[in-house]
Amino acid sequence: MNLNIKAQDANTYDAIVVGTGISGGWSAKELTENGLNTLVLERGRDVKHVEDYPTATLDPWELPRANQIPAEERKHYQKQMRTGFTIRESTKHWWIKDTDQPYEEKKRFDWIRGYHVGGRSIMWGRQSYRLSPMDFEANTKDGVGVDWPVRYEDIAPWYSHVEKFAGISGEALGLPQLPDSEFLPPMNLNCVEKELRKSMNEEFGRVLTIGRNANLTQPHNGRGKCMYRNLCSRGCPYGGYFSSNASTLPAAAATGNMTLRPHSIVNAVIYDEETGKASGVQVVDEQSGEMYEYYARVIFLNASTVGSTAIMLNSKSDRFPNGLGNDSGELGHNMMDHHFRVGANGVYEGMEDQYYWGRRPTGFYIPRYRNLNGNDRNYIRGFGYQGGASREGWERGVRELAIGSELKNLVSAPGKWTLGMTAFGEMLPDHSNRMWLNYDETDKWGQPVIAFDVEFKENEYKMREDMKNDAAEMFEAMGLSNITTFDDPGAPGLGIHEMGTARMGRDPNTSVLNGWNQVHSVPNVFVTDGSCMTSAACQNPSLTYMAFSARAANYAAEQLKKGDL
Amino acid sequence: MSTDNKIDRKEAIKRAGLLLGGVVFAPNILGVLNGCTATPGDWTPTLFSNDQARLVSALADVILPADDSPAASELGVPKFIETMVVEVYSDVQQAEFLEGLNKFADDYRTDIEAEFADGFDIDKYDFTYFQNRLAIEEDPARNPFFLSFKELTLLGYFTSEVGASEVLRYQAVPGSYEGCIPYEDVGNTWATD
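Calculation rules
Residues numbered from 1 in each chain as written. Chains lettered and ligands numbered in written order. Predicted model: local features only at pLDDT ≥ 70, side-chain atom pairs only at ≥ 80, totals over all residues. Heavy atoms only, no water. Helix = DSSP H or I, 4+ residues; strand = E, 2+ residues; numbered from the N terminus. Buried < 20%, exposed > 50% of the residue type's maximum accessible area, 1.4 Å probe, protein only. Contact = heavy atoms within 4.5 Å. Areas by Shrake-Rupley, 256 points an atom, 1.4 Å probe, with all protein chains shown as cover. Rg over C-alpha atoms; globule rule 2.2 N^0.38 Å. Lys, Arg positive; Asp, Glu negative; His and termini not counted. Charge placed at Lys NZ, Arg CZ, Asp CG, Glu CD. Expected span 1.5 Å × (residues − 1). Pairing = 2+ DSSP bridges. Salt bridge = Lys/Arg side-chain N within 4 Å of Asp/Glu carboxyl O. Core = buried A, V, L, I, M, F, W, Y, C linked by side-chain atoms within 4.5 Å. Buried area = accessible area lost by both parts, 1.4 Å probe. Polar contact = N/O pair within 3.5 Å; in protein donor to acceptor, adjacent residues only side chain to side chain. Axes fitted to C-alpha atoms, helices over the stretch in contact; angles between N-to-C directions. Parallel < 35°, antiparallel > 145°, perpendicular 65-115°, else oblique. Nonpolar A, V, L, I, M, F, W, Y, C, P; charged D, E, K, R; others polar. Disulfide = S-S within 2.5 Å. Phe/Tyr/Trp six-rings, centres within 6.5 Å; stacked < 30°, edge-to-face > 60°. Lys NZ or Arg CZ within 6 Å of the ring centre and 35° of its normal.

Undergrad: Tell me about the overall build of chain B, and please be specific about residues and values.
TA: Of the regular secondary structure elements, chain B holds eight helices and one strand. When the elements of chain B are put in sequence order from the N terminus, they spell out α-α-α-α-α-α-α-α-β. In chain B, which comprises 193 residues, the proportion classed as buried is 49%. Once local pairs closer than 6 in sequence are excluded, the contacts in chain B between residues at least 24 apart make up 59%. With an accessible surface of roughly 9000 Å², chain B has 49% of that area assigned to carbon and sulfur atoms.

Undergrad: Got a sec to walk through the overall build of chain A? Specific residues and values, please.
TA: If you tally the helices and strands in chain A, you get 11 helices and 20 strands. Taking 565 residues into account, the globule formula puts the C-alpha radius of gyration at 24 Å, and chain A, at 24 Å, falls close to it. Along the first, second and third principal axes, the C-alpha atoms of chain A reach 85 × 55 × 45 Å. Here chain A holds 565 residues, and 64% of them are scored as buried. Partitioning the intrachain contacts of chain A with sequence separation of at least 6 by distance along the chain shows that 72% fall at a separation of at least 24. Just so you have it, chain A exposes about 19800 Å², and 46% of that area is on carbon and sulfur atoms. Both charge centroids of chain A, one from 60 positive and one from 72 negative side chains, sit 3 Å from each other.

Undergrad: Give me the lowdown on helix H6 (residues 191-204) of chain A, citing residues and values where you can.
TA: All names here are of chain A. End to end, H6 covers 20 Å across 14 residues, agreeing with the expected 20 Å (1.5 Å per residue, within 8%). Of all the positions in H6, only Cys 191, Val 192, Glu 193, Leu 196, Ser 199 and Met 200 are classed as buried. Phi for Gly 205, located one or two positions after H6, is positive at around 65 degrees.

Undergrad: Give me the pairing of strand E14 (residues 383-391) of chain A: which residues, what numbers.
TA: Residues and elements named next belong to chain A. For E14, a buried count of seven out of nine residues is recorded, marking the element as mostly surrounded by other parts of the structure. Examined bridge by bridge, strand E13 (residues 364-366) and E14 share three bridges and lie antiparallel to one another. Paired with Phe 364 across the bridge in E14 is Gly 387. As judged from the nine bridges shared by E14 and strand E15 (residues 417-425), these two strands associate in the antiparallel manner. Looking at E15, one finds that Phe 383 is bridged to Gly 425.

Undergrad: Describe in detail the pattern of salt bridges, supporting the description with residues and values.
TA: All names here are of chain A. Under the counting rule described, the total for this entry stands at 46 salt bridges over all chains. One salt bridge in this structure joins Asp 110 and Arg 82, with 2.7 Å as the shortest N-O distance. Residue Asp 110 is found in the loop between strand E3 (104-105) and helix H4 (133-142), and its partner Arg 82 is found in the loop between helix H3 (71-74) and E3; the two are separated by 28 residues along the sequence. Under the relative-accessibility criterion, Asp 110 is labelled buried at 0%. Residue classification places Arg 82 among the partly exposed positions, given a relative accessible area of 25%. Salt-bridge contacts for Arg 212 lead to Asp 180; the nearest nitrogen and oxygen are separated by 3.1 Å.

Undergrad: Describe the nonpolar core, listing the residues and the values that go with them.
TA: Val 281, Phe 452 and Val 525 of chain A are the most contacted members of the largest nonpolar core, which totals 109 residues. In terms of residue count, helix H11 (residues 542-562) of chain A provides more of this core than any other element does, 12 residues in total. Once residues within four sequence positions are removed from consideration, Phe 452 of chain A is found in contact with Tyr 103, Glu 104, Glu 105, Lys 106, Lys 107, Phe 109, Trp 111, Val 306, Met 335, Arg 434, Met 435 and Trp 436 of chain A. Membership of the second largest hydrophobic core comes to 54 residues, among which are Ala 58, Leu 75, Leu 155 and Ala 191 of chain B.

Undergrad: Describe the interface of chain A and chain B, naming the residues involved and giving the relevant values.
TA: In this assembly, 51 residues from chain A lie in contact with 59 residues from chain B. Both sides of the chain A and chain B interface together cover about 5000 Å² of buried area, and 61% of this is carbon and sulfur. It is Trp 357, Trp 394 and Lys 408 of chain A that lose the most area in chain A upon contact with chain B, and together they represent 19% of the buried surface on that side. Viewed at the interface, chain B and chain A are joined by two salt bridges. Of the charged contacts, one joins Glu 87 of chain B and Arg 65 of chain A as a salt bridge, the two residues approaching to 2.8 Å between their closest N and O atoms. Summed over the shared surface of chain A and chain B, the result is 36 residue pairs in polar contact (both at pLDDT 80 or more). Broken down by secondary-structure element, the contributors of at least two residues to the side of chain A that touches chain B are H3, H6, strand E12 (354-357) and helix H9 (405-411) of chain A.

Undergrad: Break down the packing of H6 of chain A against helix H10 (residues 458-478) of chain A for me, with residues and values.
TA: Residues and elements named next belong to chain A. Axis separation between H6 and H10 bottoms out at 9 Å; the angle between their running directions is 100 degrees. Overall, the two elements H6 and H10 adopt an arrangement that is roughly perpendicular. Facing H6, whose interface residues are Val 192, Glu 195, Leu 196, Ser 199, Met 200, Glu 203 and Phe 204, H10 presents Glu 473, Met 474, Phe 475, Ala 477 and Met 478. Of the residues contributing to the contact of H6 with H10, the split by class is eight nonpolar, one polar and three charged.

Undergrad: Tell me what's going on with unusual backbone geometry, and back it up with residues and numbers.
TA: Residue and element names in this part refer to chain A. Within the chain, Ala 66 stands out as a residue other than glycine whose phi angle is a positive 50 degrees. Although it is not a glycine, Asn 67 sits at a positive phi angle of roughly 75 degrees. With respect to the helices and strands, the residue Asn 67 is situated in the loop between strand E2 (38-41) and H3.

Undergrad: Any chance you could break down the sheet that holds strand E16 (residues 434-442) of chain A for me, citing the residues and the numbers?
TA: Residues and elements named next belong to chain A. Pairing in this open sheet of three strands is mixed, and the strands run E3-E17-E16 from one edge to the other. Of all strands in the sheet, those bounded by a partner on one side alone are E3 and E16. Bridging between E3 and strand E17 (residues 448-453) involves two bridges; their strand directions are parallel. Across the sheet, the residue bridging to Glu 105 is Phe 452, located in E17. Taken strand by strand, helix H8 (residues 305-314) contacts E16 and E17, and its axis lies near 60 degrees from that of E16.

Undergrad: Kindly report on the state of the cysteines, identifying the contributing residues and their values.
TA: Residue and element names in this part refer to chain A. Under the defined criterion, the tally for this structure stands at zero disulfides over all chains. Here Cys 232 is not cross-linked by a disulfide; its sulfur's nearest cysteine counterpart is in Cys 226, at 6.0 Å. Relative accessible area serves as the criterion here: at 9%, Cys 232 is assigned to the buried category.

Undergrad: Just give me the short version of the environment of Ala 60 of chain B, but keep the residues and values in it.
TA: With respect to the helices and strands, Ala 60 of chain B occurs in helix H3 (residues 50-63). Excluding residues within four positions of it along the chain, Ala 60 of chain B makes contact with Ala 72, Val 77, Ile 81, Phe 149 and Thr 153 of chain B.

Undergrad: Please provide a residue-by-residue account of the packing of aromatic side chains, values included.
TA: Counted according to the given criterion, the structure contains 41 aromatic pairs over all chains. Ring geometry for Trp 394 of chain A and Phe 158 of chain B: centres 5.5 Å apart, planes at 35 degrees, overall tilted. Of this pair, Trp 394 of chain A sits in the loop between E14 and H9 while Phe 158 of chain B sits in helix H7 (residues 144-158), which puts the two residues in different chains. Assigned by exposure class, Trp 394 of chain A and Phe 158 of chain B land together as buried. Among the aromatic residues, those joined into a ring-pair cluster are Phe 48, Tyr 89, Phe 97, Phe 104, Tyr 108, Phe 116, Phe 127, Phe 145, Phe 146 and Phe 149 of chain B. The lysine or arginine in question, Arg 43 of chain A, covers the ring of Tyr 115 of chain A, its NZ or CZ lying 4.2 Å from the ring centre. Across the ring face of Tyr 355 of chain A, the terminal group of Arg 391 of chain A is positioned such that the distance to the ring centre comes to 5.5 Å.

Have a look at this one:
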C-alpha cells in the first residue's frame, strides 16, 4: 500500500493538460503562470523550437524530387494528401501516416492532423480573426443549434490577452462583423490587390484588407520578425509566427511548473464516482504500450476537436455509460468545418512594370458582407474571402508555344498579374453530423477507431452560389479578363477547422460544456479546443480557441485557489 | 554522328537564323556538326536504356539549350527527369511516359530519318516545336507525354541552384515584403512564391 501511495504521489499534479497544439499550449501557459504544477501530455514525439525543424532552411535544390515525396511513400498518406498541399518532402514529418492512424468514413471526411509537440500550431495557416457580437448571437436569433452561453463582451478581453502575447499583424477597420485585434503593423497589399480594394469599395461598398495573421511584422516578446520566406509550415527558425513551440510552451517551461511528457496517448479521463469529479487520466505510452495513470485536481482537454471528443466518448463509467459528461447525448455530434474552395480567378492586364519583393505569408481578406443586417439571401450566415494577386512565374512556360532560348527568355521575366480568391463559408451545426467510436476496430495502441458521418447541407450549398458568383462579379467590376470560377467543396474536414462535437451551451440537456468550458456534470474537466464551438462563424477559428483556453485556465486557477474545484 | 542528314550545314544554320533571329543557336549547331555526340552525361540511368537516356538529354537541351546560361543537361536535368519518373510517377504514369518517349523517337525517325539524339539542331528544334504546339493545342489527355516532359525539364532546371538563382531570381531570406516595386529592382522572375 505504501508503495502505491508513493507512486500515486509521484504521478500527481495540480493540473493536467492533454495536447500541445494551439489550445493546449495556451492552457499550459496560463495554468503554470498561475503557479499550478502542470503535467502536459502529448501523444506524439517532442519537437524543440528551431532544433527540431529539419527542413526549415533548405533551398529548393536541397530537397530531393523538387520537394515531392516518392510514389511508394504516398501510400501512407492517402487521406492526409487530400488537401493537395500538406505532404511534401519538406513537411511530411509533421503529418501522421494514415497507415498508422486509421479512421472510418461513412461519408468522406478529411481528418488532416499531426501528432507531435506543437501539433498543428506548427503547420497552421496563421489567419487570425475575432468572432463578432453577431456571431455569438447568431444561433439564438436563427433558432439553429443552441445559444452560446457567452457573448462577445465576455471573450473580448481574452482575445486582447492572447493577441498581445501571440502577435497578430493586421489593419484596424472598426467593422462590427469583424472586430479589430490588438494589432502589430499590417503587411502590405501589392499593386493589384490595392486596385481590387479600390474597385470593391467604389462598386460595392465592400472592404478588402490584408490578411490578419499571427506573423510578426516586428520583433515581439523575444521572437524575431517574419523574414518573408513563406516557409512557415516547416517551422520558423526566427520564431516569426505563433506556434506552441515558439511561444506558449517556452513560457510555460520558464515558470518551472511544467512537466512535458511526449509519447503519451490519453486513453480516458478517470471519473471518481465518490467525488463526482475526474481524478486523472489513463495514458498509453506510445512507445512501450504500457498503461500509466496520472492524477490532478483539474484536467484540460486540448487534444483537438476529434481527439478530445474521442477521449470523452471513451471515458465510460457507471455514471457516464455513454462517455464522460455526455448526459445530453450531444457529445460527438454537431461537427462543423468551414466550406471553401469556391471562388474565381482572373487576369489583370497592365502594371507589368511592377513587381514585389519578398514572399508574404498571407493574402488579402474580404470580411463578410452578406446577411449583416437581417437576412436578404436564400441562406443564413455568410462568408469571407481569402485570396491574393501575383505575377505568373516560370511554370507558365509549360503551356507556352515557345521552346529553346525563346522559352528561357520568356520565363525569366514574370508573366501577367493574376488574381484569385476562395470564399470561406459558415457551416451550421447539425445533430446528424457526427463522429463516434467503433469498438470493433482498434488501432495499434488498442484505441477504438474513430468513425465519421458528416456532410455539407442545404444552407452551405445555397451559400456557395453567392460565394462563386460574387467573386466573379467583383473581378468583372474591376475589369479582369479570363475570369473563371471554381466550386469544389471536397468534403468536410478539408478546411482543417473541425469544431463543435462537445459544444458549449446554457442547458446541460442540450450541450456538453458550460460558459467556462467546464463539462456541465464534471466541473474539474475543461475542454477548450475546437470541440467547444457552439457555432462556426466564417472566420478562421484558432484565435478563438486561444482566447477560450486562456479564459478557462485563469478561471480554473481562480476556482482552485478558492477551493471551489 | 550520322552523315546522311538531309540538310547541309549551311542550310541548317540559315534555318536556325530564320527561326530565332540568328542569335542563340549557332554555337550549339556548330558543336553538333563538328561531330559531338550527345551522351547521357554524368549519370548512369536506372530506368532508361542508353538510347532513351540520350534522347532525354537531347530533348531537354532542345527545350532549354545552352546560351547565356547552361543547357538543361549541364544542370543535371536528365537525371532529375529519370528520378521523377522512377520515384514520383505512379506505375501508370511511368508506363505512359516511356511509351510517349518511344513514340517520340519513332516519330522523329519516321519524319527525319535519323535518331533524335544524333539529329541536326535545326531538325530537332523544328520537330520539338511542332510536338509542343500539338501537345498544347490538342486535348492534353490525348498526348500526356510531351507536356509532362516539358514540365519535368522546367521543374528540374528552375529548382536547380543555377536555374533558380542565376536564370531566375532567388532570395533565400528576403527580410521584408514590398508589394509594389519597379520590376527592374528585381530584374527576373522570382524562383519561388
